[in-house]
Amino acid sequence: MSASSPHVHIVDDDEAFRDSLVFLLESHDYAISCHDSAEALLENFQPQGAGCLIVDIRMPGMSGLELFDELSARHNPWPVIFITGHGDVPMAVQAVKRGAHDFLEKPFNQQALLTAVDSALSLSQQQQASSAARDRLAECLASLTSREREVLDKVVEGKMNKVIADELGISIKTVEAHRGKMMDKMKVRSIADLVQAVMAHR
């Protein structure tokens, strides 16, 4: 198992059930952490990289739904899959409406669980990539001078160099110089790339 393996946290008070999930998921190269209660998870939960949580919706102490609400308040980035008994399906549906990724009703087959986990981890990886891209763009924007940022804003608005020069009260050559430096700092090759990057950041 590599250090970059997706991480799956299992939160369930049923030890036998946890063990069965561990046996299944470890065979698919996932890093696994088990917790016998919601409180145990919250003690040291620091999500890094791609991952997801498999949570029993009904547990002693803090319930799965209460855990989900607490994780949401902490801006947890990982998708949550609820495990539910037949009588708890309406509760699980409400959880999905509030942002949970999926729920599985006991008893479920192994493939259903693997499909749900794969879907959750795929979403987590996409979110991680998007977050990294936003961070890189924010760094690029922060590196611009105030004048370069003004030029960027007007370029994104679709204005030509002459119009930008008139509006900023500077020469066209100065606009071109600022524009060139701005494009280098933003690490883009074309105006189209610049517009796409900036619009995605907004």
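For the structure itself, look to the data block above.
Described below are features of the structure shown in this document. Every value quoted in this text rests on a predicted model; they were computed, and no experiment measured them.

1. Some details on the environment of Arg 58
- As for its placement among the helices and strands, Arg 58 is situated in the loop between strand E3 (51-56) and helix H3 (64-73).
- Separated by 30 residues in the primary sequence, Arg 58 and Asp 88 place their C-alpha atoms 8.1 Å from one another.
- Excluding residues within four positions of it along the chain, Arg 58 makes contact with Asp 13, Asp 88 and Met 91.

2. Remarks on the pattern of salt bridges
- Overall, the coordinates contain nine salt bridges when judged by the stated rule.
- The partner of Glu 157 in a salt bridge is Lys 159, and the shortest N-O contact between them spans 3.2 Å.
- Here Asp 166 and Lys 162 are joined by a salt bridge, their closest N and O atoms 3.4 Å apart. One end of the pair, Asp 166, and the other, Lys 162, are both in helix H7 (residues 161-168), four residues apart, so they sit about a helical turn from each other. In this structure, Asp 166 and Lys 162 share a single accessibility class: exposed.
- Ionic contacts of the salt-bridge type, sharing partners, join the residues Lys 154, Glu 157, Lys 159 and Glu 167 into one network.

3. Notes on the pairing of E3
- Counting buried positions over the six residues of E3 gives six, a clear majority of the element.
- Covered by surrounding structure in E3 are Gly 51, Leu 53 and Val 55 together with Cys 52, Ile 54 and Asp 56, the residues of both alternating faces.
- Where strand E1 (residues 7-11) lies against E3, five bridges are found, and the strand directions are parallel. Looking at the pairing, Val 8 lines up with Cys 52 of E3.

4. A closer look at the packing of aromatic side chains
- Here the structure, examined in full by the defined rule, presents three aromatic pairs.
- Ring geometry for Phe 17 and Phe 108: centres 6.1 Å apart, planes at 85 degrees, overall edge-to-face. On the criterion of sequence distance, the pair formed by Phe 17 in helix H1 (residues 15-26) and Phe 108 in the loop between strand E5 (102-105) and helix H5 (110-142) is long-range, its members being 91 residues apart.
- Accessibility expressed as a relative area gives 22% for Phe 108, which makes it partly exposed.
- Their ring planes at 65 degrees and their centres at 5.9 Å tell us that Phe 68 and Phe 82 sit as a pair that is edge-to-face. Within this pair, whereas Phe 68 is found in helix H3, its partner Phe 82 is found in strand E4 (residues 80-84), the two being separated by 14 residues in sequence.

5. Quick notes on the packing of helix H6 (residues 146-156) against H7
- Two elements in contact, H6 and H7, have axes separated by 10 Å at closest approach and are oriented at 130 degrees. Classified by the angle their axes make, H6 and H7 are oblique. As for the relative orientation of H6 and H7, their crossing is right-handed in sense. Seen from H6, the contacting residues are Arg 147, Glu 150, Val 151, Lys 154 and Val 155; seen from H7, they are Ile 164, Glu 167 and Leu 168.
- Taken together, the residues that form the contact of H6 with H7 break down as four nonpolar, no polar and four charged.

6. So, the sheet that holds strand E2 (residues 31-35)
- Across the sheet, five strands lie side by side as E2-E1-E3-E4-E5; this open sheet has parallel pairing. Each edge of the sheet is formed by a strand with only one pairing partner; in this case those strands are E2 and E5. Averaged over all neighbouring strand pairs, the angle between strand axes comes to 20 degrees, with direction disregarded.
- Contacts from H5 reach E1, E3, E4 and E5, with the element oriented near 135 degrees to E3.

Rules used in this analysis
- Residues numbered from 1 in each chain as written.
- Predicted model: local features only at pLDDT ≥ 70, side-chain atom pairs only at ≥ 80, totals over all residues.
- Heavy atoms only, no water.
- Helix = DSSP H or I, 4+ residues; strand = E, 2+ residues; numbered from the N terminus.
- Contact = heavy atoms within 4.5 Å.
- Salt bridge = Lys/Arg side-chain N within 4 Å of Asp/Glu carboxyl O.
- Buried < 20%, exposed > 50% of the residue type's maximum accessible area, 1.4 Å probe, protein only.
- Pairing = 2+ DSSP bridges.
- Phe/Tyr/Trp six-rings, centres within 6.5 Å; stacked < 30°, edge-to-face > 60°.
- Axes fitted to C-alpha atoms, helices over the stretch in contact; angles between N-to-C directions.
- Parallel < 35°, antiparallel > 145°, perpendicular 65-115°, else oblique.
- Left-handed = near helix turned anticlockwise from the far one by under 90°.
- Nonpolar A, V, L, I, M, F, W, Y, C, P; charged D, E, K, R; others polar.

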